[in-house]
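As a plain string of letters, each chain reads:
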Amino acid sequence: MNLIEDLRWRGLIAQSTDETALIDALKKPLTLYIGFDPTAASLHVGSLVVLLVLRRFQLAGHNPIALVGGATGLVGDPSGRNDERTLNSSEVVEGWVEGIRKQVAAFLDFDTPVNPAVVVNNLDWTAPLSAIEFLRDIGKHFSVNQMLSKESVSARLDAGGISYTEFSYQVLQSYDFLELYRRNNCTLQLGGSDQWGNIVAGLDLIRRVESGSAHALTVPLLAKSDGSKFGKTAGGSIWLDPTMTSPYAFFQFWLNSEDKDVVNFLKIFSFKSHEEISVLEESHNLNPGLREAHRALAQELTTMVHGADATIRVENAARALFGQGDLAELDETTLANALAELPRTVISKDQEFPTWVELLAATGVVDSKSAARRVIKDGGAYLNNEKVASEEFVLTKSSFLCGKYAVLRKGKRDLAAVELI
RNA sequence: GGCGGGUUGCCCGAGCGGCCAAUGGGAGGGGACUGUAAAUCCCCCGGCUCUGCCUUCGAAGGUUCAAAUCCUUCACCCGCCA
């Protein structure tokens, strides 16, 4: 099975330029790139889809380039949006570029002698360019008629307009491809399916300027089986940065995948063999309640992103906190380790203990005291796994397990720790 | 530059002087059932010092006992015309 067939099996191919030619080109190692724009301080699980495809190409012997969009991030991609982006200051974007550069690097191999990965920043070749050079050398090759017909632009024209800045985005991205074609002989660009227009514009530019030919391959934008956005939860996006999404929450995100999605997710994200995935699929169909596939997915991804140690810690924590057993029976070490993975609030022995409402709000499991009251009224507030339905309830020293810890829970799975010092 | 239409809570979208913290839908939250799933059903969904009070309906002023609703100015968006 060749790489393209494997990607197809995984559901990772949306569109490509002439597939026969692409398969042919892939018989020899080629150089390919994917761009990531710094639109936040961290990548999220959605970016992981395409990043892992890049990794698959490297594993198959090709030369991967990860491009961080220090330039394009300053401009803003109109693709997939129906309103203009708010521009971020260059200092902010610069900071994000650094963070994302590190994240991307973690998934690629830079030490292999044959096809080491490369990370580049498009600001390096865009910044020195003067406006006149840009217009004469690059802009001249673009037809506004074609630019207007791009989905990303026409959608915006219908939705209320687009600035000249974002309109120019496709030109910048095309120039990136041209530049990488020249510098690295890069002949394939990967991206989310919303990037098709931008990528193809790059192919045109390469053809016009260098009479060269290159390829495009896009990955479907991942949606859940119910059509909703992948990678968003009530708490917001699932980020790769552990300070933005804790490894605990990250693990739980995968473990809580819907049944209908889990096998697809394994195909998309996992580096297990087809056979291993089939085994998990069978187990899942036979006894979904066991959630073996969910667990395998959560373990593999958490290990990939946060490391094996973190995965073990986080899984043990979940086992302790979700265990059927009485929390009071846990020994202090187990409890302390489990709680270390949760958001924590510290209260002092000397101060007056807060009321139940105040405590719930303080830990952040609810957004406000009003919300805390609502949850209490609805019977969704738990202390050490026991429902507490009184707003006036105040913890006492005996509420603290091992004399130190209290476990707050809202609903089934929203937990926080309180430590007494 | 002229004329007309618009700006409502996380999103869409009603309301068009008091009965409005503001209809409805979606998203979200809790409960029941389950498997830390889905579907379904019930409840909730601005904040607080919570039988009351405070802050919201683009912004600032004004009219009125009373304004999201009327008037004025400003900002932005969308049309049509120049």
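Residues numbered from 1 in each chain as written. Chains lettered and ligands numbered in written order. Predicted model: local features only at pLDDT ≥ 70, side-chain atom pairs only at ≥ 80, totals over all residues. Heavy atoms only, no water.

Visitor: Sorry, what's going on with the overall build of chain A here?
Guide: In terms of helices and strands, chain A carries 20 helices and 13 strands. Residue burial in chain A is summarised as follows: out of 421 residues, 49% are buried. Of the roughly 19900 Å² that chain A leaves accessible, carbon and sulfur atoms contribute 50%. Taken as two groups, the 41 positive and 53 negative side-chain charges of chain A have centres that lie 2 Å from each other. (Helix = DSSP H or I, 4+ residues; strand = E, 2+ residues; numbered from the N terminus. Buried < 20%, exposed > 50% of the residue type's maximum accessible area, 1.4 Å probe, protein only. Areas by Shrake-Rupley, 256 points an atom, 1.4 Å probe, with all protein chains shown as cover. Lys, Arg positive; Asp, Glu negative; His and termini not counted. Charge placed at Lys NZ, Arg CZ, Asp CG, Glu CD.)

Visitor: Before we go on, may I ask you to explain the confidence of the model for chain A in this structure?
Guide: For any part of a model where pLDDT is low, the fine detail of the predicted coordinates should not be relied upon. Per-residue pLDDT for chain A has a mean of 90; in total, 96% of the residues score no lower than 70. Under the prediction, the complex receives an ipTM of 0.87, its pTM being 0.90. (pLDDT = per-residue confidence, 0-100.)

Visitor: What exactly am I supposed to notice about empty space enclosed by the protein here?
Guide: Over the atoms, a rolled probe matching the size of one water molecule traces out where space is still vacant. Taken as a whole and assessed by the stated rule, the structure comprises one cavity of 30 Å³ or more. Put simply, the largest cavity is a space of about 80 Å³. Around the largest cavity, the lining residues are His-141, Phe-142, Ser-143, Gln-146, Met-147, Lys-150, Gln-170, Ala-201, Asp-204, Leu-205 and Arg-208. Residue assignment for the lining of the largest cavity shows that the elements contributing at least two residues are helix 8 (144-149) and helix 12 (196-210). Here the element with the most residues in the lining of the largest cavity is helix 12; it accounts for four residues. Looking at the lining of the largest cavity residue by residue, the classes come out as four nonpolar, four polar and three charged. (1 Å grid on protein atoms, 1.4 Å probe; cavity = no way out; pocket = protein on both sides within 12 Å on 5 of 7 lines; lining within 4 Å. Points joined across faces, edges and corners; volume = space filled by probe spheres on them. Nonpolar A, V, L, I, M, F, W, Y, C, P; charged D, E, K, R; others polar.)

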